[in-house]
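Here's the letter readout for the chains.
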Amino acid sequence: MFNCSPIVPLVLSILLAIIFVRDSLIRKKFLKIRTTISFVIIFVMALLAVFYNDLTSDSNFSNIINVFNLAASILLGFVFIFNGFINFEQNELNNNILRSFDDNIYYLYINKKGKVFGISKILEQAFGLEDSLIGQNIKSLFDNYITINKINGEKADNLSFLNYLKLEIEDTNELEIEFYLLDGSLKTLKLIETPIYYKDKYFARLYVGKNTTIILNNENSMDSLSNDRLSIIIDEIPDGLMIKNLTEKKVWINDYILEKLNLNNNNLNIDEYNKLINSDDLANYQEVLKRISPNNNQFREFYRISNGSKMIYLEEKGKILFDGNKPVEIISYVQVGPTNNFIHTNTILDKLSNENECLGYINELALNKVNYEVVYFKLINIPQINEEFDRTFGTLAMEEYVKTFNKVFADEKGMFRITGLDFVFIISDIRKMEVFKKTIQKGKIFNASLQYGANSCVLDVKMGISFSNEAIRPKDIYLNAKNALKKAEERDIPYLFYKDINK
């Protein structure tokens, strides 16, 4: 007669339960069947351990109990080892795949359940991620960061793409995904989708796309540099164009900049140009350039610069070209502020339609039976910003903020200035409504931080929001949004939907 204590299978079942619970936490999915079975075994083995002496007092029954304990120990041991090998092999598979990539490549690696195994840093930047997706379900990307607009030229949305990800794929596919970021900007990614099989079963899928940043490290680098420069210049026609050769410390400016700054020559040294810039703003500008890398080579800066008689504002939107990791050239679009305002004499603030035209546009949408959203917002602290800096600075901050809403969310004819600090914009595109909803939930737009050279300010913004189905008369929709703004100010909250005004 032999003895086999139930302690051995009890310990093994406890270890398995711990592993299954850990796997559930890692996968963010409860492994119901495995975990339940392991706890049932723990319960049975615990009972056997408690009553083992009583049960084995009978010699015949003792053999049955000991054989059962031995069989359970062997079986649980095999499960323990098999589970370890499976996890080890799958992790090795994942690691081998991810080791083949570097950060110059867009890649996203997700399993068939949507769990993210790996994502490159530049793809995280392209999606505007604040936290890593690794270990999370891909659904969190669509819930919190992006809104899909088109896939391969066809209209699509987040839900349809999530449903597509649940399907088993057999072939490699090319996907061109057009999507909105939280800031409303529209981006396009071209990715190759490849299925990954593990032991003849569909296991995961991999998305790969080459980074568009050109890293030059061959003998034809100057030819490539010229082609890159040409592609930047023809991208749009700027008011001002500036090219800085960082190797030779030279600056070339076109006639627009020459006239605005009252200079005598289109060619000057970088040191000569830098002497025209406010010293605090120059230090800030140079600090920004130090942070530029081949993978993130664009910047946009405002600084004060002398036009020979006074300091005025200049906006520079540039790209830095690299030879390997060495910055060699900056190509910038430039706009120089006139003496009485910023950028153009007629700013977007001056060109916006008034309240009557706002009501007319709302009536037009109602007549055409279009669903729409009215957003009434106020820039609360512009008077304080004007007092702390100057009116030009305040106008610049106000124009920058309004311009962003006009470009990102508002209908083509849907931005209006009601009073000096009160504005309204209308959204009738359901996709933009979704992006706007995500944006206000993040909350950053209500305390936007704006920096111009060495000076910075934080805007205080309040909003009231109403929808076209909340009243019969179009004018009442407008008044609902206005009343919601008033209540938001009274309650000192950043925004309020009219439907929540009585809560």
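Parameters and conventions
Residues numbered from 1 in each chain as written. Predicted model: local features only at pLDDT ≥ 70, side-chain atom pairs only at ≥ 80, totals over all residues. Heavy atoms only, no water. Helix = DSSP H or I, 4+ residues; strand = E, 2+ residues; numbered from the N terminus. Contact = heavy atoms within 4.5 Å. Areas by Shrake-Rupley, 256 points an atom, 1.4 Å probe, with all protein chains shown as cover. Expected span 1.5 Å × (residues − 1). Buried < 20%, exposed > 50% of the residue type's maximum accessible area, 1.4 Å probe, protein only. Arc of directions from axis to C-beta. Pairing = 2+ DSSP bridges. Axes fitted to C-alpha atoms, helices over the stretch in contact; angles between N-to-C directions. Patch = residues over 30% accessible without salt bridge, like charges linked within 9 Å, V, L, I, M, F, W, Y side chains within 5 Å. Salt bridge = Lys/Arg side-chain N within 4 Å of Asp/Glu carboxyl O.

Draft legend 1. Inspection of the overall build of the protein at higher detail. From N to C terminus, the protein includes 17 helices and 20 strands. For the protein, the proportion of contacts with a sequence separation of at least 24, taken over those separated by at least 6, is 58%. Carbon together with sulfur atoms contributes 53% to the accessible area of the protein, which is approximately 27100 Å² in total.

Draft legend 2. Region of the structure containing helix H17 (residues 474-491). Across its 18 residues, H17 extends 26 Å between first and last C-alpha, which sits within 8% of the 26 Å expected from 1.5 Å per residue. Those residues of H17 lying buried are Pro474, Ile477, Tyr478, Asn480, Ala481, Ala484, Leu485 and Ala488. For H17, the angular spread of the buried residues around the axis is 155 degrees, confining them to a single face. In this structure, H17 carries Lys486 and Glu490 as exposed residues pointing more than 90 degrees from its buried face. Those residues of H17 that are buried lie in contact with helix H13 (355-367), strand S14 (373-379), strand S16 (422-427), strand S19 (461-467) and strand S20 (495-497).

Draft legend 3. Summary view of the sheet that holds strand S10 (residues 267-269). Read from one edge to the other, the open sheet built from six strands follows the order S10-S9-S8-S13-S12-S11, with strand pairing classed as antiparallel. Of all the strands in the sheet, just S10 and strand S11 (298-306) have a single pairing partner and so form its edges. On average, adjacent strands in this sheet sit at an angle of 25 degrees to one another, irrespective of strand direction. Where strand S8 (residues 240-245) meets strand S9 (residues 250-253), four bridges bridge the pair, whose relative direction is antiparallel. Among the inter-strand pairings, Asn245 is bridged to a residue of S9, identified as Lys250. In this fold helix H11 (residues 279-290) packs onto S8, S11, strand S12 (311-323) and strand S13 (326-336), with an angle of close to 165 degrees to the strand it touches most, S11.

Draft legend 4. Expanded view of unusual backbone geometry. Backbone geometry at Asn262 places phi at a positive 55 degrees, although glycine is not the residue there. On the secondary structure map, Asn262 appears in the loop between helix H9 (255-260) and S10. Backbone geometry at Lys369 places phi at a positive 55 degrees, although glycine is not the residue there. Along the chain, the position of Lys369 falls in the loop between H13 and S14.

Draft legend 5. View of a nonpolar patch on the surface. A cluster of nonpolar side chains, namely Val40, Phe43, Val44, Leu47, Val50, Phe51 and Phe68, defines an oily patch on the protein surface of about 650 Å² accessible area. In terms of residues, the nonpolar patch owes the most to one element, helix H2 (residues 32-50), which gives five residues. Its location among the elements puts Phe43 in helix H2.

Draft legend 6. View of H2. Relative to the 27 Å expected for 19 residues at 1.5 Å per residue, H2 spans 27 Å between its end C-alpha atoms, a close match to the ideal helical length. By the burial criterion, the buried members of H2 are Thr35, Ser38, Ile42, Met45 and Leu48. In an axial view of H2, the angular spread of the buried residues amounts to 145 degrees, which keeps them on one side of the axis. Among the exposed residues of H2, those pointing more than 90 degrees away from its buried face are Lys32, Ile33, Phe43 and Val50.

Draft legend 7. Representation of the sheet that holds S16 within the structure. The strand order across the open sheet built from five strands is S15-S16-S14-S19-S20, with neighbouring strands paired in mixed fashion. In the strand order of this sheet, the two ends are held by strand S15 (415-417) and S20, each with one partner. Going from strand to strand, the sheet's axes swing by 15 degrees on average, the running direction of each strand aside. Where S14 lies against S16, six bridges are found, and the strand directions are antiparallel. By the bridge assignment, Val375 is partnered in S16 with Phe425. With respect to the sheet, H17 is in contact with S14, S16, S19 and S20, its orientation differing from that of S19 by roughly 145 degrees.

Geometric values such as these leave the question of function open.
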